[in-house]
Amino acid sequence: MSNNYKFFNHEKCEYYPCHKMNKEKLNCLFCFCPLYVLKDCGGNYKMIGDIKDCSDCLLPHQLDNYDYIMKRYNDLKDILSYIDNLKNND
C-alpha cells in the first residue's frame, strides 16, 4: 500500500513555501496544525504572551509525523468533550 494519502504539496498556494525546508518534502496536508490547541503538542513553539507562535515548527509539515498527528486526535476529542461539558453545565 502506498502512503500517498499522507502527503500533499500545494505549490500553487500563495503562501508556498511557508517554511524554510526542502520544498519536495514540505507536506501541506496539515497546513494549519490540528494540534495547535494542545499545550503539549510535541512541536517547536514559543509563547508570546498568551499566544502560541508555531512559525518555527515543522512538525505537521514532515511526512514522518503523519502517524503522530493522527494518534493525537484522541487528545483533541477529549478537549472538545471537556469544552462541550462546560458549555452544557452553564
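Residues numbered from 1 in each chain as written. Predicted model: local features only at pLDDT ≥ 70, side-chain atom pairs only at ≥ 80, totals over all residues. Heavy atoms only, no water.

Quick notes on the overall build of the protein chain
Alright, step 1. Scanning the protein chain for helices and strands turns up 2 helices and 2 strands.
Alright, step 2. For the protein chain, the α and β elements follow one another from N to C terminus as β-β-α-α.
Alright, step 3. For 90 residues, the compact-globule estimate of 2.2 N^0.38 gives 12 Å, and the C-alpha radius of gyration of the protein chain, at 15 Å, exceeds that figure by more than 25%.
Alright, step 4. Considered along the principal axes of its C-alpha atoms, the protein chain spans approximately 50 × 40 × 25 Å.
Alright, step 5. Taken over 90 residues, the protein chain has a buried fraction of 27%.
Alright, step 6. Once local pairs closer than 6 in sequence are excluded, the contacts in the protein chain between residues at least 24 apart make up 51%.
Alright, step 7. Where the 12 positive side-chain charges of the protein chain centre and where its 13 negative ones centre are 4 Å apart. (Helix = DSSP H or I, 4+ residues; strand = E, 2+ residues; numbered from the N terminus. Rg over C-alpha atoms; globule rule 2.2 N^0.38 Å. Buried < 20%, exposed > 50% of the residue type's maximum accessible area, 1.4 Å probe, protein only. Contact = heavy atoms within 4.5 Å. Lys, Arg positive; Asp, Glu negative; His and termini not counted. Charge placed at Lys NZ, Arg CZ, Asp CG, Glu CD.)

Some remarks on the nonpolar core
A general tendency of soluble globular proteins is for nonpolar side chains to be buried together.
Alright, step 1. Residues Phe30, Cys33, Leu35, Leu38, Cys41, Cys57, Leu59, Tyr66, Ile69 and Leu76 constitute the largest nonpolar core, which totals 10 residues.
Alright, step 2. With near-sequence residues (within four places) excluded, Cys57 lies in contact with His19, Gly43 and Asn44. (Core = buried A, V, L, I, M, F, W, Y, C linked by side-chain atoms within 4.5 Å.)

Things to note about the packing of aromatic side chains
Alright, step 1. Counted under the stated rule, the structure contains 3 aromatic pairs.
Alright, step 2. Lying over the aromatic face of Tyr36, Lys52 brings its terminal NZ or CZ to 5.6 Å of the ring centre.
Alright, step 3. Sitting over the face of the ring of Tyr45, Lys52 holds its NZ or CZ atom 4.5 Å from the ring centroid. (Phe/Tyr/Trp six-rings, centres within 6.5 Å; stacked < 30°, edge-to-face > 60°. Lys NZ or Arg CZ within 6 Å of the ring centre and 35° of its normal.)

Digging into the pattern of salt bridges
Alright, step 1. Under the definition given, this model contains 6 salt bridges.
Alright, step 2. Here Lys46 ties to Asp56 by a salt bridge, and the two come within 3.5 Å at their closest N and O atoms. Taken together, the residues span a long stretch of sequence, with Lys46 in strand β1 (residues 46–48) and Asp56 in the loop between β2 (51–53) and α1 (66–71) at a distance of 10 residues.
Alright, step 3. In this structure Asp56 comes out as partly exposed when scored by relative accessible area, which is 49%.
Alright, step 4. Where salt bridges share partners, they join Asp40, Arg72 and Asp75 into one cluster. (Salt bridge = Lys/Arg side-chain N within 4 Å of Asp/Glu carboxyl O.)

Some words on the side chain of His19
Alright, step 1. In this fold, His19 is placed in the segment before β1.
Alright, step 2. Here Ser55 takes part through its backbone oxygen, which lies 3.4 Å from a polar atom of the side chain of His19.
Alright, step 3. Reaching out from His19, the side chain makes a polar contact with the side chain of His61 at a distance of 3.2 Å.
Alright, step 4. His19 has contacts with Cys54, Ser55, Cys57, Leu58 and His61, leaving out every residue within four places of it along the chain. (Polar contact = N/O pair within 3.5 Å; in protein donor to acceptor, adjacent residues only side chain to side chain.)

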